[in-house]
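The chain contents come next:
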Amino acid sequence: MRFLELIEVHGSLSAAAGQLSLSQPAATKMLQEIESVFGAALVERTTRGAALTPAGRIALGRLRIALNALSAAMDAIHATPAPVPVVHLGILPLVGVVAMPRLMATVADRPGFPHLVIHESTVGGLLGMLERGEIDCMVGRIGTSREGHATSGMRVMPLWEERLAVACALDHPLARKRSVALSHLCEYDWVTTPRGASTRRLFETPFLDAGLVPPQPKVESFSFHTNLCMVASSRLLTVAPETAVRHYARLGMVRQVRHDSWFAGGRTVFVTRDDAADAPGVVTVGEALAGLMGDTISSTGPI
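Not measured: the values here are computed from a predicted model.

Applying the stated criterion to the full structure yields zero disulfides. In this structure Cys 229 is a free cysteine whose sulfur lies 15 Å from that of Cys 168, the closest cysteine sulfur available. The exposure class assigned to Cys 229 is partly exposed, which follows from its relative accessible area of 35%.

The subject of this paragraph is the pairing of strand E2 (residues 49-52). Strand direction decides the pairing type here: strand E1 (residues 43-46) and E2, joined by four bridges, are antiparallel. Its bridge partner being in E2, Thr 46 is matched across the sheet by Gly 49. Connecting E1 to the next strand, E2, in antiparallel fashion are two residues.

Let us now look at the nonpolar core. Counting residues in hydrophobic clusters, the biggest one holds 31 residues, and the most contacted among them are Leu 89, Leu 103, Val 139, Phe 270, Val 285 and Leu 289. The contacts of Phe 270, once residues within four sequence positions are left out, are Leu 89, Cys 137, Met 138, Val 139, Arg 155, Val 156, Met 157, Leu 159, Val 282, Val 285, Gly 286 and Leu 289.

Let us look at the packing of helix H9 (residues 224-232) against helix H10 (residues 242-250). Relative orientation of the contacting elements H9 and H10 amounts to 45°, with a least axis distance of 11 Å. Taken together, the axes of H9 and H10 lie oblique to each other. Pair H9 / H10 crosses with right-handed handedness. Residues His 225, Leu 228 and Cys 229 of H9 touch H10, and the partners they reach there are Ala 244, Val 245 and Tyr 248. Looking at the contact of H9 with H10 residue by residue, the classes come out as five nonpolar, one polar and no charged.

Here we take up the confidence of the model for the protein. Here the protein averages 85 in pLDDT, while 91% of its residues score no lower than 70. The model gives residues 295-303 a pLDDT under 50, and that stretch makes 18 contacts with residues more than four places away or in other chains.

So, on to the side chain of Ser 221. With respect to the helices, strands and loops of the structure, Ser 221 is situated in the loop between strand E9 (219-220) and H9. Judged by relative accessible area, Ser 221 falls into the buried class, the value being 13%. A polar atom in the side chain of Ser 221 sits 3.1 Å from the side chain of Asn 227. Each residue touching Ser 221, except ones within four places of it in the same chain, is listed here: Thr 192, Thr 193, Pro 194, Thr 226 and Asn 227.

In the structure shown here, the tally under the stated rule is 14 salt bridges. Residue Arg 163 pairs with Glu 242 through a salt bridge whose shortest N-O separation is 3.2 Å. Taken together, the residues Arg 163 in the loop between strand E6 (154-162) and strand E7 (164-169) and Glu 242 in helix H10 connect sequence positions 79 residues apart. Arg 246 is paired through a salt bridge with Glu 242; the nearest N and O atoms lie 2.7 Å apart. You can see Arg 246 and its partner Glu 242 sitting in helix H10, four residues apart, about one turn around the helix. The pair Arg 246 / Glu 242 is uniform in exposure class, with both members buried.

Conventions adopted
Residues numbered from 1 in each chain as written. Predicted model: local features only at pLDDT ≥ 70, side-chain atom pairs only at ≥ 80, totals over all residues. Heavy atoms only, no water. Disulfide = S-S within 2.5 Å. Buried < 20%, exposed > 50% of the residue type's maximum accessible area, 1.4 Å probe, protein only. Pairing = 2+ DSSP bridges. Helix = DSSP H or I, 4+ residues; strand = E, 2+ residues; numbered from the N terminus. Core = buried A, V, L, I, M, F, W, Y, C linked by side-chain atoms within 4.5 Å. Contact = heavy atoms within 4.5 Å. Axes fitted to C-alpha atoms, helices over the stretch in contact; angles between N-to-C directions. Parallel < 35°, antiparallel > 145°, perpendicular 65-115°, else oblique. Left-handed = near helix turned anticlockwise from the far one by under 90°. Nonpolar A, V, L, I, M, F, W, Y, C, P; charged D, E, K, R; others polar. pLDDT = per-residue confidence, 0-100. Polar contact = N/O pair within 3.5 Å; in protein donor to acceptor, adjacent residues only side chain to side chain. Salt bridge = Lys/Arg side-chain N within 4 Å of Asp/Glu carboxyl O.

Encoded structure:
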């Protein structure tokens, strides 16, 4: 399995063989055996070396899942002081603000709780990692139809829902207002997630429903952390999940703007591949995250 991956990386049969400490004849024989198993030509020789055929790329895409599973199994076996399941968990950066600290506070001393390896990315990035087997499960907000389609064939478990909130700097003109009209928000500059992101869609919908042109952002950024930090030292406004806004508000960096509940709630979900969903470590992590739902929301007040 590793041989095909090395051929793709190095573009050379001999270089791949060298990485595995194989002679050229042994590497050629190995390739013949692999192609015999698949019943297709997986590698083509070129004047510049070797390259995977379309069939080879398909085979490697599936084999990567097995390679990553093998790596995770070896990590778990050699873990110290005693073997425990190793779970590669993908999260959105937002999840690291409230959910992961609360999870660790809950399970840190629980015997046998899996060893977690955290990977942070966007929803699209996490879904790709999940499909390739680079992570076992993920926590994210699935909002667009494209993201929903990408989870077909996977198991999706709802965790919690929360609405979006507007944040501003402590000395912003809106910071002390008791009530803000939706139209009033159009008068200010914004930093938001780029178009196509589920948060951007949730942000623009109330303006469109009210017959207003949604504010055009002065800055676009996927990271809620980046956006909230920029807001803290500028006259920009941003919109982010309420847990993130309240977290930064408790740090004395931003203030949550008081407004009606215009923005629809977003759902945070736990996603696994079917072939990994019943692994004991993945099940344990999923159940622990599901148990946070009530605590996470109630700890930040009603949503």
